[in-house]
Amino acid sequence: MAGVLTKKKKMGYAFGIFTESLIYNMFYTYYLTFLNEIVGIAPKYSSLVIFISIAWDAVTDPIIGNYTDRGGVDKRRVMKMSLIPLGLVFIVAWTSIGAGFSSQLAKILLYTVISMLIWVFYTMYTIPYYAIVPELTEDYDERTNIRSTASLVNAIAVGLGNVLPALVPTVAIILTEKYSSNSYAVIAAVISITAVVLGFICVKSLNGIYNPKPTVQGEKKISVKETFKAFGSILNMRAARIFLIFVFFFLTASSMIQSNLTYMVVDCIGMDYDTGIVYVIISMVLSMGIIVPIVEKVAVKTDRRLACIIFLSLTFAGEIICKLVGLDVTIGGFKIMAVICAALLGIGAGTFWTLFYSMSYDLVELDEFKTGERHESIITALPQLIQKFGSAFGILMAGQFLSLYGYDSSKDVAGKESLITKVTDPAIIDGMENISTVFPAVAIGVCLIALIFYPMTRKNVNLLMSQLVKKRNGEEYSSKGLEKLL
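Here's what I pulled together on the structure shown here. Since the model is a prediction, treat every value here as computed from it, not as a measurement.

### Some words on the side chain of Q387
Right, on to step 1. Among the secondary structure elements, Q387 is positioned in helix α17 (residues 376-404).
Right, on to step 2. Residues within four places of Q387 in sequence aside, it is in contact with Y24, Y122, V247, L251, W353, F356 and Y357.

What follows is the structure, given as structure tokens:
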């Protein structure tokens, strides 16, 4: 660590989450709907567009992670280089340039390529952004504190990333006095400018507290083979495999709910889009803001694994109850599920994003203990890769289930249909409800099982660190008591 991690520095770092979160949330909440309703791609194909573009990250994530782990590479510089291209491509992704194409294949190819570009530049920013923390501090609780500070800021970013696109109909009226297919591009421009500016502020805040690793003589050149060999080394750790199962299934659940929000509000809950989405977003943001400091306190008092189990159990139980009660239930004439469903998502997301990265940082020291080398970026890249696959899989399943239950808007006149048109078929509505409750609950159940078997508790991490310090200092050390980790 090059300098003192002051509150000002931590907050400057936390602002960087806007860049990641604004892009992420607008994409995962609205892109499936955008491709369905504006571009006119059938749901079973629009979800494939998103999945394929994320699958492309299976190549870029490890390569970028391996590169930024190398000696002499400045993570700040990689982040800085990605910002402007990310903002520009993101705006293009929300234009309706392909809406007039008569061929589904042409639309699919165009938006797949654009989406692939988004994730290349997104990865260039996010991997060094998250990987830099274990280079700033090795303290168990300070890492939690840095991530909880970022998570509190993230609650605002989640709100903006969801509420600004919800203003599309309003923006359309202001611009053209009718529904405009490029209103999403206007919102994307606002989000991109905000993301880029705050990304530059984050990079600036890292000056004085981060020093790039020194150049290593004779270091091997980057290759796909060497990169995946490094990934294989990480996957040899049982703790890493369990952790990745937890990551994959939580993001599957989260993205399934998130990508279905529009349909949940209009068709399942039965609210007007403009009103319902406001209740949903406010409830989600407030629940995240409330839960993050509580999660941090529980994690500091006990450990991160137990905190995850406690609060994700609340989300799991809540999703089951919502299905049993029904999403159209009212209390005093108010559609209460617009608040409850969103709050459950906020509790789960607030818990996950507060603890996910700090939990992954523990694997850096475990890997170092086993191999003698530190791979911060690779260990960040692998969970990010699984995170994106989980998110993409959730959206893929949402699209496939929509199609399976009979929903298809591809025959609508692209760019002319209002997003608030209600579905009347009970079978389709029931399917949309399952996408927001039953299927995510199953995925979160798998998460909880993985967490129960996850061995990186505070006790085990402290024991690991005590032996790692001895190993670093050339003293006699032991792996006794670390069998579950190794």
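The rest of the description comes next.
### Digging into the packing of aromatic side chains
Right, on to step 1. Tallying each qualifying case throughout the model produces 36 aromatic pairs.
Right, on to step 2. Seen in terms of ring centroids, F51 and F389 are 6.1 Å apart; in terms of plane orientation they differ by 55°. Their pairing is tilted. Linking F51 in helix α3 (residues 43-55) with F389 in helix α17, this pair joins segments that are 338 residues apart in sequence.
Right, on to step 3. Of the residues examined, F51 reaches a relative accessible area of 23% and is grouped as partly exposed.
Right, on to step 4. When the centroid spacing of 4.5 Å and the interplanar angle of 15° are considered together, the rings of F250 and F352 count as stacked. Taken together, the positions of F250 in helix α12 (residues 238-259) and F352 in helix α16 (residues 337-371) put the pair 102 residues apart, joining distant regions of the chain.
Right, on to step 5. A relative accessible area of 2% means that F250 is categorised as buried.

### Section: the pattern of salt bridges
Right, on to step 1. Evaluated as defined, the whole model comprises ten salt bridges.
Right, on to step 2. For E142, the salt bridge identified is with K10, shortest N-O distance 3.6 Å. Linking E142 in helix α8 (residues 140-163) with K10 in helix α1 (residues 7-15), this pair joins segments that are 132 residues apart in sequence.
Right, on to step 3. Here E142 falls in the partly exposed class, since its relative accessible area comes to 22%.
Right, on to step 4. Among the residues examined, K10 registers a relative accessible area of 16% and is labelled buried.
Right, on to step 5. Connected through salt bridges with shared partners, the residues E138, E368 and R472 form a single ionic network.

### Thoughts on the nonpolar core
A general feature of soluble globular proteins is that nonpolar side chains tend to end up buried together.
Right, on to step 1. Core analysis: the largest hydrophobic core is formed by 159 residues, its most contacted members being Y13, W94 and F246.
Right, on to step 2. For this core, the element with the most residues is α16, which contributes 19 residues.
Right, on to step 3. What W94 contacts, discounting residues up to four positions off in sequence, is M26, F27, Y30, Y31, F34, N182, Y184, A185 and A188.

### Examining empty space enclosed by the protein
Right, on to step 1. Scanning all chains against the criterion turns up one cavity of 30 Å³ or more.
Right, on to step 2. Counted as a void, the largest cavity has a volume near 150 Å³.
Right, on to step 3. When residues of the lining of the largest cavity are traced back to their parent elements, those giving at least two are α2 (17-39), α8, α12, α14 (273-301) and α16.
Right, on to step 4. For the lining of the largest cavity, the class distribution of residues is nine nonpolar, five polar and one charged.

Cut-offs applied
- Residue numbers run consecutively from 1 along every chain, following the written order of its sequence.
- Per-residue local features are limited, in this predicted model, to residues with pLDDT of at least 70; the limit for side-chain atom pairs, both in listing and counting, is 80 or more; totals at the level of whole chains, interfaces and linings are taken over all residues.
- Side-chain numbers come from the whole structure's heavy atoms, not from hydrogens or water.
- A helix here means a DSSP run of H or I that spans at least four residues, while a strand means a run of E at least two residues long, and both kinds are numbered starting from the N terminus.
- Contacts between residues were defined by any pair of non-hydrogen atoms, one from each residue, lying within 4.5 Å.
- To pair, rings of Phe, Tyr and Trp, with the six-membered ring standing in for Trp, must have centres within 6.5 Å; the planes then decide the type, stacked if under 30 degrees apart, edge-to-face if over 60, and tilted in the middle.
- Burial classes: relative accessible area under 20% of the type maximum marks a residue as buried, over 50% as exposed, and values in between as partly exposed (1.4 Å probe, protein chains only).
- Take a side-chain nitrogen of Lys or Arg and a carboxyl oxygen of Asp or Glu: if they are within 4 Å of each other, that pair is a salt bridge.
- Definition used in this section: a nonpolar core is a set of buried Ala, Val, Leu, Ile, Met, Phe, Trp, Tyr and Cys residues joined via side-chain atoms within 4.5 Å.
- Computed over the protein atoms alone on a 1 Å grid, cavities are sets of points where a 1.4 Å probe fits but cannot get out and pockets are open sets with protein on both sides within 12 Å along at least five of seven lines; a residue lines them when it has an atom within 4 Å of a point.
- Grid points are joined across faces, edges and corners, and a volume is the space filled by probe spheres set on the points.
- Polar here means any residue outside two lists: the nonpolar Ala, Val, Leu, Ile, Met, Phe, Trp, Tyr, Cys and Pro, and the charged Asp, Glu, Lys and Arg; Gly therefore counts as polar.

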